Amino acid sequence: NAYGGALTFNSGTLAGSGNLSNTALTLDQGKMIAPGNSPGTLQTGSETWASGGAYQWQIASLSGGKGSTTGWDWLSVNGTLDVSAAPGSNSFTLILQALGALAGWNPDASYTWTIASANGGLMGVDPTKFTIDSSAFAADNPLAGGQFGLQASGNDLNLVFSPVPEPGSLALLVLAGSLVVRRRRAVSRLG
């Protein structure tokens, strides 16, 4: 049975698994959400991610699934997920935590994890509104210069890890770009 209404908490962390799908939440200064029981799923009503709020996201295994205790945390939002945080120093913080060394982790590979889904849609998702703290993840899983980012895909908010391009790949991209510029110059001279 789901709790209904608005849930107000002044500070601290709303953590654990359960069904608050009829409960709207605002995460702002000093408030954090941490779904699951290391890891797992938390269902809520519409959420607003405002300046100073945070989401603690945990992963136990690369081969598990979203919201499972053998996978990674997942927020299931019954309504909209609205990111109203301001860019820069007033952003919303995503704290990434790997629960130890992840079997099969490869910093030269790309990864995508769905960390939240909102059946009413995503609003205001802009990478500049987020600060991603990956220090607890990288403690056991070296990033080797790769980086994390966020990506909206339909009603899903995905955490994406992108490796550093290999020097050969980077050189090919630069070469391809210079060929396009030369071709455009040649075409413009002909026209």
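Cut-offs applied
Numbering of residues starts from 1 in each chain and follows the order in which that chain's sequence is written. Owing to the predicted nature of the model, reporting of local features is limited to residues with pLDDT of at least 70; listing and counting of side-chain atom pairs is limited to 80 or more, with chain, interface and lining totals taken over all residues. Excluding hydrogens and water, the side-chain values take into account all heavy atoms of the structure. By definition, any uninterrupted DSSP run of H or I lasting at least four residues is a helix, any uninterrupted run of E lasting at least two residues is a strand, and each is numbered from the N terminus. Within 3.5 Å is the distance limit for a polar contact, defined as a pair of N or O atoms, with the added protein rule that one can donate a hydrogen and the other accept it, and that residues adjacent in sequence qualify only through two side-chain atoms. We define the nonpolar core as a collection of buried residues of types Ala, Val, Leu, Ile, Met, Phe, Trp, Tyr and Cys that are connected through side-chain atoms lying within 4.5 Å of one another. Burial classification: accessible surface area is computed with a 1.4 Å probe over protein chains only, and a residue below 20% of its type maximum counts as buried, one above 50% as exposed, and the rest as partly exposed. For this analysis, residues touch if any pair of their heavy atoms sits within 4.5 Å. Any Lys or Arg side-chain nitrogen found within 4 Å of a carboxyl oxygen on Asp or Glu counts as a salt bridge. Stacked, tilted and edge-to-face are the three classes applied to pairs of Phe, Tyr and Trp rings, where Trp contributes its six-membered ring and a pair requires centres within 6.5 Å; stacked means planes under 30 degrees apart, edge-to-face means over 60, and tilted covers the rest.

### Examining the environment of S21
Part 1 of the argument: Among the secondary structure elements, S21 is positioned in the loop between β3 (18–20) and β4 (22–27).
Part 2 of the argument: Spatially, the C-alpha atoms of S21 and T44 are 3.9 Å apart, while their sequence positions differ by 23 residues.
Part 3 of the argument: One polar contact links S21 to N19, side chain to side chain, over a distance of 2.7 Å.

### A look at the nonpolar core
Part 1 of the argument: Core analysis: the largest hydrophobic core is formed by 37 residues, its most contacted members being W49, W57 and W113.
Part 2 of the argument: Residue assignment for this core shows that the elements contributing at least two residues are β4, β6 (41–49), β7 (54–59), β8 (74–83), β9 (92–98), β10 (111–118), β13 (147–153) and β14 (156–162).
Part 3 of the argument: At five residues, β10 tops the list of elements feeding residues into this core.
Part 4 of the argument: With residues up to four places along the chain from it excluded, the contact list for W113 reads W57, I59, L62, W72, W105, F148, L157, N158, L159 and F161.

### Considering the pattern of salt bridges
Part 1 of the argument: A complete count under the given rule lists one salt bridge for this structure.
Part 2 of the argument: Across the salt bridge formed by D28 and K31, the nearest N and O atoms sit 3.1 Å from each other.
Part 3 of the argument: Residue class for D28 comes out partly exposed when judged on its relative accessible area of 25%.
Part 4 of the argument: By relative accessible area, which is 13% here, K31 ends up buried.

### Notes on the side chain of N141
Part 1 of the argument: With respect to the helices and strands, the residue N141 is situated in the loop between α1 (135–138) and β13.
Part 2 of the argument: Polar side-chain contacts of N141 include one of 3.2 Å to the backbone oxygen of G100.
Part 3 of the argument: Residues in contact with N141, not counting those within four places in the same chain, are A98, G100, A101, L102 and W105.

### What about the packing of aromatic side chains?
The description of two aromatic rings rests on the distance between their centres and on the angle between their planes.
Part 1 of the argument: For the coordinates displayed, the defined rule picks out 13 aromatic pairs.
Part 2 of the argument: Taken together, a centroid distance of 4.6 Å and an interplanar angle of 5° make the contact between W49 and F92 stacked. Of this pair, W49 sits in strand β6 while F92 sits in strand β9, and the two are 43 residues apart along the sequence.
Part 3 of the argument: A relative accessible area of 1% means that W49 is categorised as buried.
Part 4 of the argument: Among the residues examined, F92 registers a relative accessible area of 0% and is labelled buried.
Part 5 of the argument: Both rings, one in W49 and one in F130, keep their centres 6.2 Å apart while their planes meet at 85°; by these two values the pair is edge-to-face. With W49 in strand β6 and F130 in strand β12 (residues 130–133), this pair connects stretches of sequence that are 81 residues apart.
Part 6 of the argument: With a relative accessible area of 10%, F130 lands in the buried category.
Part 7 of the argument: Through pairs of rings, three or more aromatic residues link up here, namely W57, W105, Y111, W113, F137, F148 and F161.

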